[in-house]
Amino acid sequence: MKRHIPALIVLLTLTGCAGPSKEELYRQQLLEAQRAEQAALQAQQEAQARELRISQRRQHATAAWTSSQALDKRAINTLFSDAAGTQLEAADTYYVQFGLQPAKYNYQQKKQSFTIVGMRNLPNSTDYSPLFPDDQALYQPGQLAKSVLEFTLQEETEENRLGQQVLQERGQRWVAATLNFKNYQELINDNSDWYWEPGLFEDLSWNSTPEAAYPYTSARSLVLQVGYRFCLLQQCYLDTMYRRHPTHAVRAEIMSILVADQESGKILAEFIREQE
């Protein structure tokens, strides 16, 4: 004897297998289109904000170079005093110039390289782990030491027998510590002829002919203008030692770097931070 399946059960089964209705599909498509439109709008706004940041930082750095604006001794003393938080602005950019020491021209690679005078390259720096802790080391901050660059802002010096200014015996040092932008690639550059060297013995290279480089290297007239944004919180300061010299460090971020010629005033390369 054949059993008859109730018509209601058949109807419910067919309805359940039929999938979403046309109205539901249309609603899903409309929501997806709205999400895509919002994502595209957000990406456009972020790109515009990025371009505006880069443009403003480039203009600010150029104006500082043109007007010879630089962090003076008084401002450096304030930076390392209790008055830093009230007399300096954490959102402002402060500029310091460093000399560029030219290396011998590399004919094989057709480049002119330089080292930055007054900068130390500290790969895997455990000394600066308190200022640059590893985000992944949840239980032991600073467990994986990062690569840090240390820029000398001021130091206690004396004149030696040759009439040169040298660091005093156990003289104090005041420095700005930054993440190694040569490795972490935080700066963008529109001039591909200039690029950072990741090693310890050279810092910056210029793809150039010896004839084009010679006027600058012979006069030793190229400098690096570095724009810093300092962290003025108490936890952003650190006291350490370097070859028996007390060293006072402040954490900083690089906003811009210009390679410029002191004699002509010409700017040869620009490196700008694109992040906020």
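It is not clear to me how helix H6 (residues 210-219) should be interpreted in this structure. Could you clarify?
Every α-helix carries 3.6 residues per turn, so stepping three or four residues along brings you back to the same face. Considered for burial, the residues of H6 that qualify are Ala213, Tyr216 and Thr217. For H6, the buried positions fall inside an angular range of 95° around the axis, keeping them on one side. Summarising the geometry of H6, the exposed residues directed more than 90 degrees from the buried face are Glu211 and Tyr214. Looking at the buried positions of H6, the neighbouring elements they touch are strand E1 (94-102), strand E2 (111-116), strand E10 (204-207), strand E11 (222-230), strand E13 (245-261) and strand E14 (267-273). Positive backbone phi, at 50°, marks arginine 220, one or two positions downstream of H6.

Mind showing me how you'd approach the pattern of salt bridges here?
Side-chain pairs of opposite charge can arise where the charged atoms are in close proximity. Using the criterion set out here, one finds 15 salt bridges in the structure. Of the charged contacts, one joins arginine 50 and glutamate 51 as a salt bridge, the two residues approaching to 2.5 Å between their closest N and O atoms. Across the salt bridge formed by aspartate 190 and arginine 58, the nearest N and O atoms sit 3.0 Å from each other. Of this pair, aspartate 190 sits in the loop between strand E8 (187-189) and strand E9 (194-196) while arginine 58 is found in helix H2 (residues 22-66), placing the two residues 132 residues apart along the sequence. Shared partners join several salt bridges into a network, and the residues in it are Glu186, Arg229, Glu253 and Arg273.

Could you clarify how one ought to interpret the packing of aromatic side chains in this entry?
Both the distance between ring centres and the angle between the ring planes are used here to describe each pair of aromatic rings. With the rule as written, the count across this model stands at 11 aromatic pairs. For the pair tyrosine 228 and phenylalanine 230, a centre-to-centre distance of 5.5 Å together with 20° between the ring planes defines the contact as stacked. Aromatic ring contacts, followed pair by pair, group Tyr94, Phe98, Phe151, Tyr228 and Phe230 into a single cluster. For the cation-ring pair, arginine 120 lies above tyrosine 242, with the distance from its terminal atom to the ring centre recorded as 3.8 Å.

Calculation criteria
- Residues numbered from 1 in each chain as written.
- Predicted model: local features only at pLDDT ≥ 70, side-chain atom pairs only at ≥ 80, totals over all residues.
- Heavy atoms only, no water.
- Buried < 20%, exposed > 50% of the residue type's maximum accessible area, 1.4 Å probe, protein only.
- Helix = DSSP H or I, 4+ residues; strand = E, 2+ residues; numbered from the N terminus.
- Arc of directions from axis to C-beta.
- Contact = heavy atoms within 4.5 Å.
- Salt bridge = Lys/Arg side-chain N within 4 Å of Asp/Glu carboxyl O.
- Phe/Tyr/Trp six-rings, centres within 6.5 Å; stacked < 30°, edge-to-face > 60°.
- Lys NZ or Arg CZ within 6 Å of the ring centre and 35° of its normal.

Fair warning: the whole summary comes from geometry, so function is off the table for now.
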